[in-house]
Every structure is written in structure tokens, then in C-alpha cells.
Amino acid sequence: MLDWIKNLNKEYPEFWKDYSAKFERKSNRFVVLSTETTGLNANKDVILSIGAVAVENNTIVVSDCFEVILLQYIFLHDNGLSNEFIVESKLPKLGEPEAIQAFIDFIGNSILVGHRIHFDIDMINEALYKMGCSRIKNEAIDIEIMYRKLIDSTDKQFSVDELCKVFKVAKNDRHSSAEDAYTIALLFLKLKSRLGIDI
């Protein structure tokens with residue numbers, strides 16, 4: 001049987017049906033996200049943590065946030081990596097399927113924002129495939145691309161640290177996906193204002 005026919009007749013999990021139904025209307029909510037992963041290969045590596053914060057009406061809504069550590073003991077064990085940070089962290093810890101489902105429930109139909117966000121999306125999609133789901137449907141905005149548009153450049157990459165220097169955004173010494181998401185949210189608002197984007 002052809003793959004597209006299989007996919008057409010596929011029965012998705014209930015949470016995925018609820019998520020898909022939310023796209024009947026457009027959202028004015030942005031969700032700025034950052035993931036921490038074991039590497040840069042979406043086919044082989046896994047997500048260790050996800051941090052996200054909502055932005056609405058040009059305001060970072062700190063009370064509307066998401067942060068979780070994904071329990072990846074098998075991956076870490078098989079690759080000889082330490083799981084010390086998982087044991088020591090006080091953050092919520094969930095297995096990958098539970099964490100991804102919680103994240104999908106959190107984002108809903110929001111517009112996603114990140115730094116090199118297509119990598120984050122690829123990692124999330126790989127986790128979703130393992131759960132029998134499809135690709136996420138959210139629109140996505142990349143702050144690096146926004147900055148390139150601002151300075152009319154296409155041939156240079158800009159790290160979050162470099163963008164923080166340009167826009168005089170102080171970075172917290174504590175490194176976590178949630179802290180990164182908050183920093184990216186600050187940069188997003190500055191870029192949105194400089195580009196005159198009113199969404």
C-alpha cells in the first residue's frame with residue numbers, strides 16, 4: 001500500500017486530534033522556545049530539555065511558560081553520557097512521550113519563535129514520529145533570519161550571544177533552555193520593533 005494512503009487512514013492519538021483542531025482559527029500568541037539536545041543530528045540525537053515562554057501584545061508573559069527535562073536514560077546510557085544533570089535538577093522530569101505531549105498542549109496553534117528554530121522543530125518532529133503523530137503545524141519565525149533581514153545580509157550567521165551584544169540584552173549566567181527562551185523572547189521583541197512588524 002502506498003505511504004500516503006496509510007497516512008490518510010492512520011488513527012492519531014487523541015491529544016494530536018485536539019491539537020490539530022486548534023488550527024481552524026489563527027492565533028495572536030507567540031511561543032518562544034529553546035531546546036537542549038545531545039547533538040545536532042535530528043535522526044540520532046534526542047531532546048534533553050525544552051523551555052518556552054509566551055509573548056502576547058508585545059509583552060513576555062512570564063506566567064505563561066513551560067519547562068521540562070526529558071528522561072533519556074537509555075540514550076545517555078547507550079552513548080556513555082552522564083545523567084547527573086537530570087538527577088540533580090529540581091525541574092519537572094517526564095519521559096519523552098509525556099513531555100512532548102505536554103509541550104504540544106502548551107503551544108496549541110501559537111506562532112513559534114526561536115533561534116535557528118527549524119532545528120528545534122526537526123527534533124520535536126522526530127519525537128512526534130515515534131509517537132505515531134505527524135509534523136507540527138505551527139508557523140515559525142527565526143530571529144536570526146529577522147536580523148539578517150534588518151541588516152540586509154544573507155552570508156553570515158549570528159549566535160544568540162552576538163545578537164545580545166548588538167541589542168544590549170544581558171544574558172543570565174544560569175544556562176537552561178528556559179533562560180535561553182526568555183533571552184530569545186527579548187531579542188524577538190526588539191527585532192519585531194526595529195522591523196516594524198505589527199503582529
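Cut-offs and rules
- Sequence order as written defines residue numbering, which begins from 1 separately in each chain.
- Where totals are concerned, whole chains, interfaces and linings use all residues; where local detail is concerned, this predicted model gives features only for residues with pLDDT of at least 70, and gives and counts side-chain atom pairs only at 80 or more.
- Heavy atoms from the whole structure form the basis of all side-chain values; hydrogens and water molecules are not counted.
- Between any two strands, at least two bridges found by DSSP are needed for them to pair.
- In DSSP terms, a helix is any run of H or I states spanning at least four residues, a strand is any run of E spanning at least two, and both are numbered starting from the N terminus.
- Think of each axis as a best-fit line through the C-alpha atoms, taken over the contacting stretch in the case of a helix, with angles from 0 to 180 degrees between the N-to-C directions.
- Any two residues whose heavy atoms approach within 4.5 Å are treated as being in contact.
- With a 1 Å grid laid over protein atoms only, a set of points is called a cavity when a 1.4 Å probe fits there but cannot get out and a pocket when it is open yet has protein on both sides within 12 Å along at least five of seven lines; lining residues have an atom within 4 Å of a point.
- Grid points are joined across faces, edges and corners, and a volume is the space filled by probe spheres set on the points.
- Any residue that is not Ala, Val, Leu, Ile, Met, Phe, Trp, Tyr, Cys, Pro, Asp, Glu, Lys or Arg is counted as polar, Gly included; the first ten are nonpolar and the last four charged.
- When two rings of Phe, Tyr or Trp (its six-membered ring) have centres within 6.5 Å they constitute a pair, described as stacked for plane angles under 30 degrees, edge-to-face for angles over 60, and tilted for the intermediate range.
- Working definition: with a 1.4 Å probe on protein chains only, accessible area under 20% of the residue-type maximum means buried, over 50% means exposed, and in between means partly exposed.
- For a lysine, the NZ atom is tested; for an arginine, the CZ atom; a charge sits over a ring if that atom is within 6 Å of the ring centre and within 35 degrees of the ring normal.
- Here a polar contact is recorded for every N or O atom pair within 3.5 Å, except that within protein the pair must consist of a potential hydrogen donor and a potential acceptor, and residues adjacent in sequence are included only if both atoms are side-chain atoms.
- Among buried residues, those of type Ala, Val, Leu, Ile, Met, Phe, Trp, Tyr and Cys that are joined through side-chain atoms within 4.5 Å constitute a nonpolar core.

Participant: Now, about the sheet that holds strand β5 (residues 111-114): what can you tell me, with residues and values included?
Facilitator: Read from one edge of the open sheet, six strands run β4-β3-β2-β1-β5-β6, paired in mixed fashion. Only two strands of the sheet have a single partner each, and these edge strands are β4 (93-95) and β6 (140-142). The sheet shows a mean angle of 30° between the axes of neighbouring strands, taken without regard to direction. Two strands pair when backbone bridges link them, and strand β2 (residues 47-56) and strand β3 (residues 59-71) are joined in this way by eight bridges, in the antiparallel orientation. Along β3, the bridge assignment pairs Ala54 with Val61. Strands β1 (30-37), β2, β3, β4 and β5 of the sheet are contacted by helix α5 (residues 96-107), whose axis makes an angle of about 165° with β3. Strands in contact with helix α6 (residues 117-130) are β1, β2, β5 and β6; relative to β1, the strand with the most contacts, it is inclined by about 70°.

Participant: Outline empty space enclosed by the protein, listing residues and values.
Facilitator: In total, this model carries one cavity of 30 Å³ or more according to the counting rule given. By volume, the largest cavity amounts to about 30 Å³. The biggest single contributor to the lining of the largest cavity is helix α9 (residues 177-194), with three residues. Residues that form the lining of the largest cavity fall into these classes: five nonpolar, two polar and two charged.

Participant: Give me the packing of aromatic side chains: which residues, what numbers.
Facilitator: Using the criterion set out here, one finds eight aromatic pairs in the structure. Judged by centre distance (5.1 Å) and plane angle (55°), the ring pair of Phe30 and Phe188 falls under tilted. Placement of the pair is Phe30 in strand β1 and Phe188 in helix α9, with a sequence separation of 158 residues. Of the residues examined, Phe30 reaches a relative accessible area of 4% and is grouped as buried. The structure contains a cluster of three or more aromatic residues connected by ring pairs, namely Phe15, Trp16, Tyr19 and Phe23. Its guanidinium or amino end placed over the ring of Phe106, Arg29 lies 4.7 Å from that ring's centre, counting from NZ or CZ.

Participant: Can you lay out the pairing of β1 for me, pointing to particular residues and giving the numbers?
Facilitator: Counting buried residues in β1 gives seven out of eight residues, a clear majority hidden from the surface. Bridge count for β1 against β2 is eight bridges, and the pairing is antiparallel. Counted as the bridge partner of Val32 is Val53 from β2. The sheet contact formed by β1 and β5 spans three bridges and is parallel. Bridged to Val32 within β5 is Val113.

Participant: Any details on the side chain of Ser49? Residues and values, ideally.
Facilitator: Structurally, Ser49 can be placed in strand β2. Polar side-chain contacts of Ser49 include one of 3.1 Å to the side chain of Ser177. In this structure Ser49 touches Ser34, Thr35, Glu36, Val68, Ile69, Leu70 and Ser177, once residues within four positions along its chain are discounted.

Participant: Lay out the layout of surface pockets in plain terms, naming residues and giving numbers.
Facilitator: One water molecule sets the probe size; rolling that probe over the atoms shows where empty space is left. Its boundaries defined by the atoms lining it, the largest pocket holds a volume of some 480 Å³. Put simply, the parts of the chain that give the lining of the largest pocket at least two residues each are β1, α6, α8 (160-167) and α9. By residue number, the principal contributor to the lining of the largest pocket is β1, which donates five residues. Of the residues belonging to the lining of the largest pocket, the class tally is five nonpolar, eight polar and six charged.

Participant: Let's hear about the nonpolar core: which residues, and what values?
Facilitator: Soluble, globular proteins show a tendency: their nonpolar side chains are buried together. Within the largest apolar cluster, 28 residues are counted, with the highest numbers of intra-cluster contacts made by Ile100, Ile104, Leu128 and Ile136. Secondary-structure elements contributing two or more residues to this core are α2 (14-21), β1, β2, β3, α5 and α6. Not counting residues within four places of it along the chain, the set of residues in contact with Ile100 comprises Ile47, Ile50, Leu70, Ala127, Leu128 and Met131. Counting 23 residues, the second-largest nonpolar core is a separate cluster that includes Val32, Ile141, Val169 and Leu191.

Fair warning: the whole summary comes from geometry, so function is off the table for now.
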